[in-house]
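Commentary on secondary and tertiary structure
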Amino acid sequence: MSIVLARIDSRLVHGQVLEAWVPYVGADCIVVANDEVAVASFQRMVMQAAIPSSIKLIIGTLEETACILKSAELLKKRVLLLFTSSDDALKARQLGVSYTKLNLGNMHSSAGKNRYTCTIALDQQDIDTLQKVEDQGVTIVSQCVPADREQSWHKLIRSGGR
Amino acid sequence: MVVGDYLLAGLVAMLTGLDRVALVQIMISRPLVAAPLTGWVLGNPMVGMEVGMLLELLWLGRLPVGAAIPPDDTQVAVGATVLAVSMGHLLDLNGMPLVILSVLIAIPLGKFGQVFDRLARHVNDRLAVSGHNALMTGSIDSFERYHLFGLASFALASLATAVIIVLLGSFVLYFVAPLFIGAVREAGLSLQYSLILVGAASLLGTINVNRSISLFCAAFTGTMLVLWLR
Amino acid sequence: MKEIRLSWLIFLRIYLRSFLLQASWNFDKLQNLGFFYLILPGLRHIYGEQIPVDVRQRHCDYFNTHPYFAPLVAGTTLRLETLSISGEEPAVDAETYKNMVMAPLAAMGDALFWGGIRPLAALIGLLIASQGSLWAPLVFLVLFNLPHLLFRGIGLVLGYVQELRAIETIQKCRLPDLAIRLKESTTVLIGVLCAYLAFKGCEHQELSAIWGFVQLPIVLLFAWLAHKGVTSLFLVLLTTSSLLLLALLF
């Protein structure tokens, strides 16, 4: 198995992922690692409806997906891995999911967060968590769609939020 | 062209610009429609058609996904058509070389569209806050007004883009065209095909179909053979 | 309490308002005002002039979906609102429903309308335009807008009538697979169009049609570059400047 893209995207399965990233990285399997989605049957159905049948979709809690990713089940698959938050990305890494590059896609704003690009809003806790992820040898970049320029997240942070 | 023509073209720029995101979205914003429409109000739909064809093919595969803002293909189409129609007799040029020059000059200027579009959406950030506040205090009428005000910022952004493309484009065309017109005449047809090829290629390169390349090659070869042997 | 019914007049108003969904599109909350504007006629009917503050709050929050799918979401949202005030407890409340469906529906709309129907309709238009016919834009508009305008209306009614089950109906339609079929047709048609234009070009220059095949490797090279993230603007500048240079030199 190879993880061709690991991405934090609060919108999970949406147009940027399916129309732009899937063809760009040539993924044939999407893994959604999220504790809440895993139990919401209605949301699982909506996501399944949005994905063409040529692509395998796996939705599970962080622990379940970590197990599946380590098992032989996805041996020949090119996996696109989705999280909703920096916490989940760190937890997955601690559970042994060995992605080496993390893409920041959409992390939209809520109270107390600073907006760094049009689509990325972070608070201090996010930054600390991402730092921990990076300390494990992961390259963290922000890139909304493949057509955008890839940017190191340090550069993003230095540019200051608002 | 007289002043009235420019005003009409400005109106088309705003209408087609609104169609991109803010209003209706029946795709009169696509170059294939916007350019002939501009050409039609200026009395030369065929020139618009040629501009529209080139640009439509070039940007066929572009998807407006998520919050990413693409270059403004609509105003490039409108602007290039205005350039082609208005500069033709001034430079004593016509036909495909003129269309190609106008398109080539308008395309990079389309980058301004991204700037203005972004600006419009930031203006709307403030509108959205005011609209939300109005709603929370219970004045629904002013909420609706704030929502509809957003149309004005999108329309103005489109108009500004078209004006810049036409102004800068005329300037460039007027001074640059005499230098290049010979070369454009020489390379005319191959220039046109190169734009078409780039369009086809960028669609094939980004579409999410597994066998897109083989399907394309098969269709291309098949059609070629049929036409050739006929 | 008896469930409130929305009249067809209200549906018509919502349908028309759906064309203004993105009038105030903004970076912060995207279609937040638009969505409230969209369902306002329905909310007024359900709650009267005094729409409760929590309803106003929850339907004017972050929202973003494909504009053509918004009527479907509006239909179900309004139905869930009427169900909850008539005392029934739907499995998912209106706010959660919105948050769950907006992104996947956006993906479906992007794939079907932007990725599938639009390029195909445009290519058919282009094939007509390559014959020099001024009908091309009109053909494109009709081909694209018949499914578009129907979809908005059907979505609204379907969303209202079937509420949460509307998603099951949508799932059964396998729209993403349909989108892929459409995209495959597009790649075939673009092959036909390129070959046709190449052949016409060769004829015009009085060259043997065999030269048309030169296009093929060039397209494949460019497609590979485009796949690697090279923008079409750059490719245009590259090809045109090299062609102009060649023409100037020889």
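Residues numbered from 1 in each chain as written. Chains lettered and ligands numbered in written order. Predicted model: local features only at pLDDT ≥ 70, side-chain atom pairs only at ≥ 80, totals over all residues.

1. Focus: the overall build of chain C
Broken down by element type, chain C carries 10 helices and 0 strands. Listing each helix as α and each strand as β along chain C from the N terminus yields α-α-α-α-α-α-α-α-α-α. Here chain C has a C-alpha radius of gyration of 24 Å; the compact-globule value for 250 residues is 18 Å, and the former is much larger. Taken along its principal axes, the extent of the C-alpha atoms in chain C is 85 × 30 × 30 Å. The buried share of chain C, reckoned over its 250 residues, is 49%. Within chain C, contacts between residues at least 6 apart in sequence are counted, and of these 71% link residues at least 24 apart. (Helix = DSSP H or I, 4+ residues; strand = E, 2+ residues; numbered from the N terminus. Rg over C-alpha atoms; globule rule 2.2 N^0.38 Å. Buried ≥ 20, exposed ≤ 12 C-beta atoms within 10 Å, placed from the backbone. Contact = placed C-beta atoms within 7 Å.)

2. Things to note about the overall build of chain A
Across its full length, chain A holds 7 helices and 9 strands. Its C-alpha atoms put chain A at 40 × 30 × 30 Å along the principal axes. Residue burial in chain A is summarised as follows: out of 162 residues, 44% are buried. Intrachain contacts of chain A at a sequence separation of at least 6 include 70% that bridge at least 24 residues.

3. Some remarks on the packing of helix α3 (residues 45-58) of chain B against helix α7 (residues 140-206) of chain B
Residues and elements named next belong to chain B. Relative to each other, α3 and α7 sit at 35 degrees, their axes nearing to 7 Å. Between α3, through L54, L57 and L58, and α7, the contact on the second element is made entirely by Q192, L195, I196, V198 and G199. Here the contact of α3 with α7 is built from residues that sort into 6 nonpolar, 2 polar and no charged. (Axes fitted to C-alpha atoms, helices over the stretch in contact; angles between N-to-C directions. Nonpolar A, V, L, I, M, F, W, Y, C, P; charged D, E, K, R; others polar.)

4. Remarks on the domain arrangement of chain C
Under the domain assignment, chain C is made up of domain 1 (8-183) and domain 2 (210-250). If you average the C-alpha positions of domain 1 of chain C and of domain 2 of chain C, the two centres end up 40 Å apart. (Domains from an automatic or database assignment.)

5. Topic: the sheet that holds strand β3 (residues 56-60) of chain A
Residue and element names in this part refer to chain A. Taken together, the 7 strands give an open sheet; going across it, the order is β3-β2-β4-β1-β5-β8-β9, and neighbouring strands pair in mixed fashion. The sheet is open, and its two edges are formed by β3 and β9 (151-152), each paired on a single side. Two elements, strand β2 (residues 29-33) and strand β4 (residues 78-83), share 4 bridges in a ladder whose sense is parallel. For I30, the partnering residue across the bridge sits in β4 and is L80. (Pairing = 2+ DSSP bridges.)

6. Re the pairing of β2 of chain A
Residue and element names in this part refer to chain A. Among the 5 residues of β2, 5 are classified as buried, and the element is accordingly described as predominantly covered. Alternating residues of β2 divide into C29, V31 and A33 and I30 and V32, and every residue in both groups is buried. The pairing of β2 with β3 spans 5 bridges and is classified as parallel. Across the sheet, the residue bridging to V32 is I59, located in β3.

7. Points about the confidence of the model for chain C
In low-pLDDT regions, the fine details of the predicted coordinates are not to be read closely. Residue and element names in this part refer to chain C. Taken over all residues, the pLDDT of chain C has a mean of 89, while the share at 70 or more is 99%. Ranking the helices and strands of chain C by mean pLDDT puts helix α6 (residues 136-162) first, with 95, and helix α10 (residues 232-249) last, with 82. Interface scoring of the predicted complex returns ipTM 0.90; its pTM is 0.88. (pLDDT = per-residue confidence, 0-100.)

8. Describing the pairing of β4 of chain A
Residue and element names in this part refer to chain A. For β4, the buried fraction is high: 5 of the 6 residues fall into the buried class. Judged from the 6 bridges that link them, strand β1 (residues 2-9) and β4 form a sheet pairing that is parallel. From the neighbouring strand, L5 faces β4, where its bridge partner is L80.

9. Observations regarding the interface of chain C and chain B
With 74 residues of chain C at the contact, the number on the chain B side is 75 residues. Top contributing element to the side of chain C that touches chain B by residue count: helix α8 (residues 175-204) of chain C, with 15 residues. In terms of residue class, the side of chain C that touches chain B is made up of 48 nonpolar, 19 polar and 7 charged.

10. A look at the environment of E163 of chain C
Residue and element names in this part refer to chain C. Structurally, the position occupied by E163 is in the loop between α6 and α7 (166-172). Spatially, the C-alpha atom of E163 lies 49 Å from that of L221, the residues being 58 residues apart in sequence. Other than its neighbours up to four places away in sequence, E163 contacts T76, R79, L80 and P90.

11. Some words on α6 of chain C
With 27 residues, α6 of chain C should reach 39 Å at 1.5 Å per residue; the first-to-last C-alpha distance of 38 Å fits that figure. Turning to α6 of chain C, its buried residues number three or more, namely A136, P137, F140, F144, F151, R152, G155, L156, L158, G159 and Y160 of chain C. Buried residues along α6 of chain C sit against α2 (31-41) of chain B together with α1 (8-17), α4 (70-85), α5 (94-129) and α7 of chain C. In the segment just after α6 of chain C, E163 of chain C is the residue with positive phi, at about 35 degrees. (Expected span 1.5 Å × (residues − 1).)

12. Things to note about the environment of W135 of chain C
Residues and elements named next belong to chain C. You can see W135 is positioned in the loop between α5 and α6. Taking the C-beta count within 10 Å as the criterion, W135 has 12 such neighbours and is therefore assigned exposed. Residues W135 and Q205, spaced 70 residues apart in sequence, show a C-alpha to C-alpha distance of 27 Å.

13. Structural notes on unusual backbone geometry
What is expected of a backbone is that most residues other than glycine have negative phi and most peptide bonds are trans. Residue and element names in this part refer to chain B. A positive phi angle is found at Q25, which is not glycine, with a value near 55 degrees. Mapped onto the secondary structure, Q25 falls in the loop between α1 (3-20) and α2. A positive phi angle, near 70 degrees, is found at M27, a position not held by glycine. Along the chain, M27 falls in the loop between α1 and α2.

14. Concerning the packing of helix α3 (residues 41-50) of chain A against α5 of chain C
For the pair α3 of chain A and α5 of chain C, interaxial distance at closest approach is 8 Å and the crossing angle is 10 degrees. The pairing of α3 of chain A with α5 of chain C is recorded here as roughly parallel in orientation. Residues F42, Q43, V46, M47, A49 and A50 of chain A of α3 of chain A form the contact with α5 of chain C, whose own contacting residues are M100, V101, P104, A107 and M108 of chain C. (Parallel < 35°, antiparallel > 145°, perpendicular 65-115°, else oblique.)

15. Here's the deal with the environment of A226 of chain C
As for its placement among the helices and strands, A226 of chain C is situated in helix α9 (residues 215-227). The sequence separation of A226 of chain C and R165 of chain C amounts to 61 residues, and the corresponding C-alpha distance is 40 Å. In contact with A226 of chain C, not counting residues within four places along its chain, are A201, S202, G205 and T206 of chain B together with S232 of chain C.

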